[in-house]
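# Fold and geometry: a report
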Amino acid sequence: DLLDGAAAILTAVLCFAASARFAPGVQQRRAWFMLGAGMALWAIAEFLWSYFQIGLGDDVPYPSPADVVWAIGYLPLLFGLIQGHRSLAVRLTARQRIAAAAGYAVLLTGLTLTLLVPMFAHSTAGSAAEAAVGIYYLIGNLTLAFVVTLTAIVLWAGLVGRPWLSIVIGMLLFAVSDTVFAYAAWANLYGVGENLLSFAIDVSYFAAYVSVALGAYR
């Protein structure tokens, strides 16, 4: 838990540092600042989660107050990625836009049908709330990944595109790990260090922060 919180803080600091490299009023400055603000909110959420799990020594409620902070954090992240896309004046062909949208639609449909629909089909009031939070995270993460993909799809081979490619990978890892976590929590399969599935969720989630941090560092 503390490792995830530290990774979130590192990511926020690197995003703010990237913002400081641009002159005031430049779109790239605003883009990286908003990414830093979003990651700072996620860092707060990580430590709230840790407080419930370690400080109270009890099962973490899901959804919890930490999920509220995570949910709010998506707003500056989305704004920052849109600003970054606009600042680089990326021009996409209709085929590229369709291909990107189709790819994310397939991923969204696949994760929803295989993991989230079963949760709703056998839900109580509590598990329905878990499924709803899982859907919010899935759509939020895939939306972030889709926006940054529109940038990376054109610039990935160049120096300017390398940071955004790392962020694409990070957002996709967030989408998959968050969705699998929602299902595992609903099915009572998740426990830190208890099984291979939990280990895979935790490692991929930590790797998501590292990948976004690497993008900010670049």
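Residues numbered from 1 in each chain as written. Predicted model: local features only at pLDDT ≥ 70, side-chain atom pairs only at ≥ 80, totals over all residues. Heavy atoms only, no water.

### Overview of the side chain of Gln83
- Checked against the element boundaries, Gln83 lands in helix α3 (residues 65-87).
- Given the relative accessible area of 7%, Gln83 is considered buried.
- Once residues lying within four places of it in the same chain are set aside, the contact partners of Gln83 are Gln27, Arg30 and Ala31. (Helix = DSSP H or I, 4+ residues; strand = E, 2+ residues; numbered from the N terminus. Buried < 20%, exposed > 50% of the residue type's maximum accessible area, 1.4 Å probe, protein only. Contact = heavy atoms within 4.5 Å.)

### A few points about the side chain of Ser211
- Checked against the element boundaries, Ser211 lands in helix α7 (residues 196-217).
- Setting aside chain neighbours within four positions, we find Ser211 in contact with Ser166, Ile167, Ile169 and Gly170.

### With respect to the confidence of the model for the protein chain
- Residues at a pLDDT of 70 or more form 91% of the protein chain, whose mean pLDDT is 84.
- The secondary-structure element of the protein chain with the lowest mean pLDDT is helix α5 (residues 125-155), recorded at 77, while helix α1 (residues 2-20) shows the highest, at 95. (pLDDT = per-residue confidence, 0-100.)

### Describing the packing of aromatic side chains
- Applying the stated criterion to the full structure yields 14 aromatic pairs.
- Between Tyr51 and Phe52 the ring centres are 5.9 Å apart and the planes differ by 65°, which places this aromatic pair in the edge-to-face class.
- Three or more aromatic residues joined by ring pairs form one cluster here, namely Trp42, Tyr74, Tyr136, Tyr137, Phe174, Tyr205 and Tyr209. (Phe/Tyr/Trp six-rings, centres within 6.5 Å; stacked < 30°, edge-to-face > 60°.)

### Things to note about a nonpolar patch on the surface
- A surface patch of nonpolar side chains, amounting to about 460 Å² of accessible area, comprises Leu2, Ile9, Val13, Phe47 and Ile54.
- Those elements that place two or more of their residues in the nonpolar patch are α1 and α2 (27-55).
- At 3 residues, the largest contribution of residues to the nonpolar patch is made by α1.
- With respect to the secondary-structure elements, Phe47 resides in helix α2. (Patch = residues over 30% accessible without salt bridge, like charges linked within 9 Å, V, L, I, M, F, W, Y side chains within 5 Å. Areas by Shrake-Rupley, 256 points an atom, 1.4 Å probe, with all protein chains shown as cover. Salt bridge = Lys/Arg side-chain N within 4 Å of Asp/Glu carboxyl O.)

### Observations regarding α1
- Spanning 19 residues, α1 covers 27 Å between terminal C-alpha atoms, matching the ideal 27 Å at 1.5 Å per step.
- Among the residues of α1, Asp4, Gly5, Ala7, Ala8, Thr11, Ala12, Leu14, Cys15, Ala18 and Ser19 are the ones counted as buried.
- Residues of α1 that are buried in the fold lie against α2 and α7. (Expected span 1.5 Å × (residues − 1).)

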